[in-house]
Amino acid sequence: MALTRLEKVQVWLLKAATGVLFALFRLLSPGGGAPAGRRKLPPVSSPLLLMSATRLANKIRRKEVSSVEVVRAYIHRIQEVNPFLNAVTKDRFDAALQEAKQVDVLIEEETGGEAVLEDRLPLLGVPLSVKESFALHGMPFTCGVVSRKGVVATVDAPPVALLKRAGAIPMGVTNTSELCMWCESNNHLHGITNNPYDFDRIPGGSSGGEGSILGGAGAVIGVGSDIGGSIRMPCFFNGIFGHKTTPGVVSIENQFPVCSGRQAEFCSSGPMCRYAEDLLPMLRIMAGPNAGMLSLNTKVDLKKLRFFTIPHDGGSPMTSPVSKELMAVQRKVAQRLEADLGVTVQEVHFPEFRYGFQIWDTYMGLPDKEGKLPTPFVELMGEPGKSTWPFWELLKRMVGKSDHTVAAIGLALLEKAHVTEPSAFIIQQKERLQKNMDELLGTDGVFLYPSHPRVAPKHHHPLFRPADCAYTGIINMLGLPVTQCPLGLGEEGLPLGVQVGAGKLQDHLTLEVALYLEKTFGGWRDPGAN
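Note that the coordinates shown come from a computational prediction; the quantities given were computed from them, not determined experimentally. (Residues numbered from 1 in each chain as written. Predicted model: local features only at pLDDT ≥ 70, side-chain atom pairs only at ≥ 80, totals over all residues. Heavy atoms only, no water.)

1. Regarding the overall build of the protein chain
Stated precisely, the cut-off is as follows: Here a strand is any run of E in DSSP of at least two residues, a helix any run of H or I of at least four, and the numbering for each starts at the N terminus. Here the globule rule reads 2.2 Å times residues to the power 0.38, and the radius of gyration is calculated from C-alpha atoms. The classification of residues rests on relative accessible area computed with a 1.4 Å probe and restricted to protein chains. Under 20% of the type maximum is buried, over 50% is exposed, and intermediate values are partly exposed. Computed with a 1.4 Å probe, the accessible areas rest on the Shrake-Rupley method; for each residue, only the protein chains presented here act as cover. Asp and Glu count as negative and Lys and Arg as positive, but His and the ends of the chain are not part of the count. Each charge is placed at NZ for Lys, CZ for Arg, CG for Asp and CD for Glu.
Secondary structure summary: the protein chain contains 17 helices and 13 strands in total. Computed over C-alpha atoms, the radius of gyration of the protein chain comes to 22 Å, within 12% of the 24 Å expected from 2.2 N^0.38 for 530 residues, which places it in the range of a compact globule. A burial count over the protein chain gives 58% of its 530 residues as buried. Approximately 21,400 Å² of the protein chain is accessible, and the part contributed by carbon and sulfur atoms is 56%. Between the mean site of the 54 positive side-chain charges and the mean site of the 53 negative ones, the protein chain shows a separation of 4 Å.

Right, here's the structure in full:
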């Protein structure tokens with residue numbers, strides 16, 4: 001749908017204002033946290049770092065490599081890359097090595113054979129990274145909020161507990177945006193995290209620490225949460241795989257902040273990894289008793305699926321236009337699907353996607369069934385103490401005295417400006433889009449949609465294009481499962497990718513497409529390679 005003349009003027013003015021504000025912001029603010037000098041990560045040197053978790057687990061069970069060797073390789077890699085990335089905020093290397101030694105003893109003493117171990121402990125001895133907003137017993141549980149400094153988790157979040165029970169060994173916790181409500185992982189407690197492909201670029205958020213350390217080969221599998229793209233944007237920007245599950249399948253308990261209002265309907269926990277073959281076994285473990293809700297054991301024949309491509313949101317004046325290279329790579333995916341599988345990929349357009357950001361923003365603020373509104377952001381900013389005053393924090397920020405990021409202060413100010421009654425028009429747009437997408441997909445439909453309108457932006461730039469997260473956020477509001485898949489590197493050496501979505505509870509379809517796309521486009525690329 002073409003933009004109206006007024007919308008074209010609005011877009012031009014917004015771009016002009018963005019350029020000026022961004023220049024001023026960069027002038028007055030410090031840059032990223034990478035040390036001066038080296039501008040590229042060291043290449044991966046250990047072959048153990050180039051194996052999937054599934055393959056590592058097999059080798060550990062067969063005694064072809066010890067868990068201690070694998071854990072030591074990842075400790076060395078984290079120590080090598082984290083000074084450039086600032087992704088891991090707290091490690092547990094000593095404990096991880098002790099647990100790895102126990103794994104090796106267990107394997108030596110096991111009398112039931114490899115098959116018994118695989119059934120009981122499918123990830124035995126494999127290193128795991130954990131987003132810091134998930135409770136990991138004995139580790140910081142702050143979500144980047146200065147007032148929560150010193151808060152330590154006393155339990156494990158259910159997905160973390162299930163992965164540990166499956167034999168995975170947590171290596172540490174990773175950085176997030178303040179309160180997990182921004183697309184750049186930056187806060188005044190742990191600092192700013194960098195993209196492994198370009199230290200001047202963002203790794204995304206809120207699971208940006210996970211995305212960065214995985215993309216930098218400092219981890220092989222990790223866990224993230226997603227209420228507006230917090231798994232998919234970091235996975236896209238860092239060139240890895242990530243899956244936002246159908247809501248209600250993987251537990252979101254023992255995470256901070258806690259969902260309120262209707263937010264639990266839109267929030268999902270899910271796997272993040274460098275290799276597509278790890279997605280399904282991780283999801284099966286993380287879902288626990290709910291795994292039966294999904295058809296994860298069903299064999300998928302891609303040739304029997306119906307494929308659709310949605311190239312853009314229809315031209316919303318609030319979002320950046322999708323870049324030419326991202327449009328081109330999505331077309332290439334459709335062409336390869338048609339050539340390799342003999343299917344037809346139908347291009348479809350829904351005008352309601354133009355209101356993606358407004359739909360996300362509206363539904364995030366809706367009350368629950370009892371009429372209780374979501375917890376105000378200003379309360380979360382002051383947790384566990386009193387609410388903050390965003391205007392006062394803005395004044396303090398101007399003189400460098402606020403404990404909060406510009407993004408968090410801005411979100412708090414926007415919350416103050418919210419109207420009390422949701423727009424009937426926006427509700428109507430969402431309900432219409434929901435009906436259209438559900439009817440389109442059914443139980444055998446798969447769609448392609450851009451993960452973001454542009455490759456990883458430079459640090460702080462999202463402050464001036466905040467609605468670009470609509471490309472991921474709208475999928476949360478629709479309650480659909482979706483997998484972000486890497487598609488190689490673009491003109492600037494930055495990762496390209498695409499979202500692959502399906503109907504509710506049809507997660508197994510997108511995971512199968514992820515395997516195909518990895519084989520076809522090469523999957524994750526070492527950011528340190530020549």
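2. Side note on the environment of Leu41
Convention followed: Any two residues having at least one pair of non-hydrogen atoms within 4.5 Å are treated as being in contact.
On the secondary structure map, Leu41 appears in the loop between α1 (5–28) and α2 (53–61). The spatial distance from the C-alpha of Leu41 to the C-alpha of Leu326 is 25 Å, given a sequence separation of 285 residues. Residues contacting Leu41, with those up to four places away along its chain left out, are Arg77, Val81, Phe84, Leu85, Pro196, Phe199, Gly216, Pro527 and Gly528.

3. Remarks on the UniProt feature "active site" (unreviewed entry) in the protein chain
Using the following cut-off: UniProt positions are given in the numbering used here, feature names are shortened, and annotations may be inferred rather than shown by experiment.
When the UniProt feature table is mapped to this numbering, "active site" (unreviewed entry) covers Lys131, Ser206 and Ser230. A maximum C-alpha distance of 10.8 Å among these annotated residues, which run over 100 residues, shows that they cluster at one spot. Here Ser206 lies in the loop between β5 (191–192) and α7 (208–215). The class for Ser206 is buried, based on a relative accessible area of 1%. Beyond its immediate chain neighbours, meaning those up to four positions away, Ser206 contacts Lys131, Asn175, Thr176, Ser177, Cys180, Trp182, Ser185 and Ser230. In this fold, Ser230 is placed in the loop between β6 (221–226) and α8 (232–237).

4. Notes on unusual backbone geometry
Going from Gly205 to Ser206, the amide bond is cis rather than trans, its omega being 5°. The omega torsion of the bond from Phe256 to Pro257 falls at 0°, within 30 degrees of zero and hence cis. Even without glycine at this site, Asn86 takes up a positive phi of about 55°. Note on placement: Asn86 falls in the loop between α3 (67–85) and β1 (88–91).

5. Brief notes about the UniProt feature "domain: Amidase" (unreviewed entry) in the protein chain
As annotated in UniProt, the feature "domain: Amidase" (unreviewed entry) corresponds to residues 69–511 in the numbering used here. Taken end to end, residues 69–511 is 36% helix and 14% strand, and its two terminal C-alpha atoms sit 30 Å from one another.

6. Looking at the state of the cysteines
Let me state the cut-off plainly: Here, a disulfide means two cysteine sulfur atoms that sit within 2.5 Å of each other.
Considering all chains together, one arrives at zero disulfides under this definition. We note that Cys273 lacks a disulfide partner, and the nearest cysteine sulfur, in Cys235, lies 7.6 Å from it. Unpaired in this structure, Cys469 has its nearest cysteine sulfur neighbour in Cys183, at a distance of 6.3 Å. A relative accessible area of 13% places Cys469 in the buried class.

7. Digging into the sheet that holds β1
Condition: Two strands are counted as paired when DSSP detects at least two bridges linking them. Axis definition: a line fitted to C-alpha atoms, limited for helices to the stretch in contact. Angles are taken between N-to-C directions and run from 0 to 180 degrees.
Judged by pairing direction, the sheet is mixed, and its eleven strands sit side by side in the order β1-β3-β2-β6-β8-β7-β12-β13-β11-β9-β10 without closing on themselves. Two strands close off the open sheet at either side, each with one partner strand: β1 and β10 (345–347). Between one strand axis and the next, the sheet turns through 25° on average, direction left out of account. The sheet contacts of α3 involve β1, β2 (127–131) and β3 (169–174), and relative to β3 the element is tilted by about 15°.

8. With respect to a nonpolar patch on the surface
The following threshold applies: The patches described consist of residues with a relative accessible area above 30% and no salt bridge, like charges being joined within 9 Å and nonpolar side chains (Val, Leu, Ile, Met, Phe, Trp, Tyr) within 5 Å. A pair is scored as a salt bridge if a Lys or Arg side-chain nitrogen falls within 4 Å of a carboxyl oxygen belonging to Asp or Glu.
Taken together, the side chains of Trp389, Trp392, Leu394, Leu395, Met398 and Val399 present a nonpolar region at the surface, about 740 Å² in accessible area. Within the fold, Val399 resides in the loop between α13 (390–398) and α14 (406–417).

9. Some remarks on the pattern of salt bridges
By the definition in use, this model includes 20 salt bridges. We note a salt bridge from Glu80 to Arg77, for which the minimum N-O separation is 3.0 Å. Highlighted residues: Glu80 and Arg77, both in helix α3, separated by three residues, approximately one helical turn. Of the residues examined, Arg77 reaches a relative accessible area of 1% and is grouped as buried. Residue Asp156 is joined to Lys164 by a salt bridge in which the shortest nitrogen-to-oxygen separation is 2.8 Å. Classification of Asp156 by relative accessible area gives partly exposed; the value is 21%.

10. A closer look at the pairing of strand β8 (residues 268–273)
Within β8, six of the six residues are buried, which leaves the element mostly enclosed by the surrounding structure. In the sheet, strand β7 (residues 241–244) pairs with β8 via two bridges, with the strands oriented antiparallel. Bridging from a neighbouring strand, Gly242 pairs with Met272 of β8.

11. A closer look at the nonpolar core
Inclusion rule: To form a nonpolar core, buried Ala, Val, Leu, Ile, Met, Phe, Trp, Tyr and Cys residues must be joined to one another through side-chain atoms within 4.5 Å.
With 160 residues, the main nonpolar core has Leu163, Ile221, Phe307, Leu337, Met437, Phe447 and Leu517 as its most contacted residues. With ten residues, α3 is the largest single contributor of residues to this core.

12. Brief notes about the environment of Arg61
Tracing the sequence through the fold places Arg61 in helix α2. Since its relative accessible area comes to 5%, Arg61 is described here as buried. In sequence terms Arg61 and Phe447 are 386 residues apart; their C-alpha atoms lie 38 Å from each other.

13. A closer look at the packing of aromatic side chains
The description of an aromatic ring pair uses the distance of the two centres, along with the angle that the planes make with each other. Rules: Put simply, two rings from Phe, Tyr or Trp (the six-membered ring, in Trp's case) pair if the centres are within 6.5 Å, and we call them stacked under 30 degrees between planes, edge-to-face over 60, tilted for the rest.
Under the counting rule described, the total for this entry stands at nine aromatic pairs. Ring centres of Phe350 and Phe353 lie 6.4 Å apart, and the angle between their planes is 45°; this geometry places the pair in the tilted category. Residues Phe350 and Phe353 agree in their burial class; the two are buried. Note on Tyr449 and Tyr471: the rings are 5.1 Å apart at their centroids and 25° apart in plane angle, and the pair reads as stacked. Of this pair, Tyr449 sits in strand β11 (residues 445–449) while Tyr471 sits in helix α16 (residues 470–478), and the two are 22 residues apart along the sequence. Judged by its relative accessible area of 1%, Tyr449 falls in the buried class.

14. Remarks on the packing of α13 against α14
The criterion, for reference: By the definition adopted for this analysis, an angle is roughly parallel if under 35 degrees, roughly antiparallel if over 145, roughly perpendicular if from 65 to 115, and oblique otherwise. Helix crossings are classified by the rotation of the near helix relative to the far one: an anticlockwise turn of less than a right angle makes the crossing left-handed, while a clockwise turn makes it right-handed.
Two elements in contact, α13 and α14, have axes whose closest approach is 9 Å; the angle formed by their N-to-C orientations is 150°. By the angle between their directions, the pair α13 and α14 is classed as roughly antiparallel. Handedness of the α13/α14 crossing: left-handed. Contacts between α13 and α14 involve Pro390, Phe391, Glu393, Leu394 and Arg397 on the former and, on the latter, Val406, Ile409, Ala412, Leu413 and Lys416.

15. Things to note about α3
What counts, and what does not: In this scheme, a helix's expected span is set at 1.5 Å multiplied by one less than its residue total. In this scheme, the bend at a residue equals the angle between the axes fitted to the seven residues that finish there and the seven that begin there.
Given a rise of 1.5 Å per residue, 19 residues ought to cover 27 Å, and the 25 Å separating the end C-alpha atoms of α3 matches this to within 8%. Gln79 marks where α3 bends most, by close to 30°; the proline Pro83 follows one to four residues later. Asn86 sits one or two residues past α3 and shows a positive phi near 55°.

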